[in-house]
Amino acid sequence: MSRSRTLKIIALIAAFAMALTCITGCGGNDDTAKAQDAGKVLSETETELTIVDQAGREVTVKKDPKSIALCYRVVIRFLLSLDQGDKITGIGKCEPFLLELQPSLKDCTDVGQGVADIEALAELQPDLFFHKAGDVETLEAVEKIGIPAIGIEIETPDDMIKALEIMGKVCGAEKKAKRLIKQYNDSLDKVSSLVSGIPEKERKTAIVMGTSIGKVADGTMLQGEMLERAGAINCAADLEATELWPTAGTEQIFQWNPEYIFITGSESAVYSADDIYNSKAWSEIEAVKNKNVYVMPAEKDSWEFPGTVSALGIEYMIRTMYPELLDDEQLEKDVKAFYELSYGRVFDRDTLGY
């Protein structure tokens, strides 16, 4: 083979490698840029604004929408806390607590739970639709029937803050959003300060279990992050997950031997703390021996549900594992402040169930 032909082949290989790098690497950079741009207002008129949602999509919405629909139920709490409850016209499943806060939700059109009912949305024609950012297919399908669709992500504290910013902007509730964000940030700063002095060797080991025994919150989940923010070592932090609430299995949990076990307060849970306490197989685990198995509160409103209420869940964990750092009086004070700002209501301990 001639030297010139060899050089040409080498050049072609190099060009192909560069193109491949751009395909794989540049795409990642685009995704990162989109994530960083979430909440950015690209243009604005007296009646409309174009904003980047948490799926990295550019969406043009009417200012101060009069009707809102969603089938991603975690969004409801955000809208109620932003004083937008009267605008909600389409939802899926809704908890009794939320119906108590906003009775008009009982009259909303059923537009699907998790999976959008496109026909129902087409008939309802709300001014705005909120959905999970990861389901771009649904977001685009809703936009095809003429309804602006905003993708929302609320799995981490940073996500929640960004979601509040976006929803505040598109709903004309920026002032309330800023107040909610400040309260949330102040709560996170407070818990960080409370646990900062705990030596590593004195930090409690713990897990959060899901709706069935053996399912646990790994390090990527909100509940896992809550444990760490509460000053605990999450035994399941490094579990390789292929699903939400990955299955660790009882054998693995026995090996971890956590000092504390928190159980999801979800209505879908198929077991209770008593089931753990009454099981001979679990009797030698530290958490069981020392009666440190707890269902996450509150009975009426879950404090581990994705949302700013999770700050109360972190405080509850601290109060449970490190009672010397946070007393009942302070917890009750913070609970009162949260609900008063979020929903204009005050609930006592017995009413909420914590």
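Structure shown above.
Summarised in this report is the structure supplied together with it.

Parameters and conventions
Residues numbered from 1 in each chain as written. Predicted model: local features only at pLDDT ≥ 70, side-chain atom pairs only at ≥ 80, totals over all residues. Heavy atoms only, no water. Axes fitted to C-alpha atoms, helices over the stretch in contact; angles between N-to-C directions. Helix = DSSP H or I, 4+ residues; strand = E, 2+ residues; numbered from the N terminus. Parallel < 35°, antiparallel > 145°, perpendicular 65-115°, else oblique. Left-handed = near helix turned anticlockwise from the far one by under 90°. Contact = heavy atoms within 4.5 Å. Nonpolar A, V, L, I, M, F, W, Y, C, P; charged D, E, K, R; others polar. Buried < 20%, exposed > 50% of the residue type's maximum accessible area, 1.4 Å probe, protein only. Pairing = 2+ DSSP bridges.

## Focus: the packing of helix α2 (residues 74–81) against helix α6 (residues 157–171)
- Packing of α2 against α6 leaves a shortest axis separation of 11 Å and a crossing angle of 60°. Our classification of the angle between α2 and α6 gives oblique. In the crossing of α2 with α6, the sense of the turn from one axis to the other is right-handed. Across from V75, F78, L79 and S81 in α2, the residues of α6 making contact are M160, A163, L164, M167 and C171.
- Looking at the contact of α2 with α6 residue by residue, the class counts come to 8 nonpolar, 1 polar and no charged.

## Focus: unusual backbone geometry
- That bond from P297 to A298 is cis: its omega, -5°, falls within 30 degrees of zero.
- If you trace the backbone, A298 turns up in the loop between β12 (293–295) and α12 (310–321).
- The phi angle at N257 is positive, at roughly 50°, despite the residue not being glycine.
- Within the element layout of this structure, N257 appears in the loop between α9 (250–256) and β11 (260–263).
- Take N257: its relative accessible area is 27%, and that puts it in the partly exposed class.

## Quick word on the sheet that holds strand β9 (residues 205–209)
- Reading across the sheet, the 4 strands line up as β10-β9-β11-β12 and stay open at both edges, with parallel pairing between neighbours. This sheet does not close on itself; its edge strands, each paired only once, are β10 (233–234) and β12.
- Pairing geometry for β9 and β11, over 4 bridges, is parallel. Of the residues in β11, the one forming a bridge with V208 is F262.
- The strands touched by helix α8 (residues 222–229) within the sheet are β9, β10 and β11, with β9 carrying the most contacts at an inclination of about 155°.
- Packed on one face of the sheet, α12 meets β9, β11 and β12 and runs near 145° to β11.

Note that all results are geometric; they support no functional claim without further evidence.
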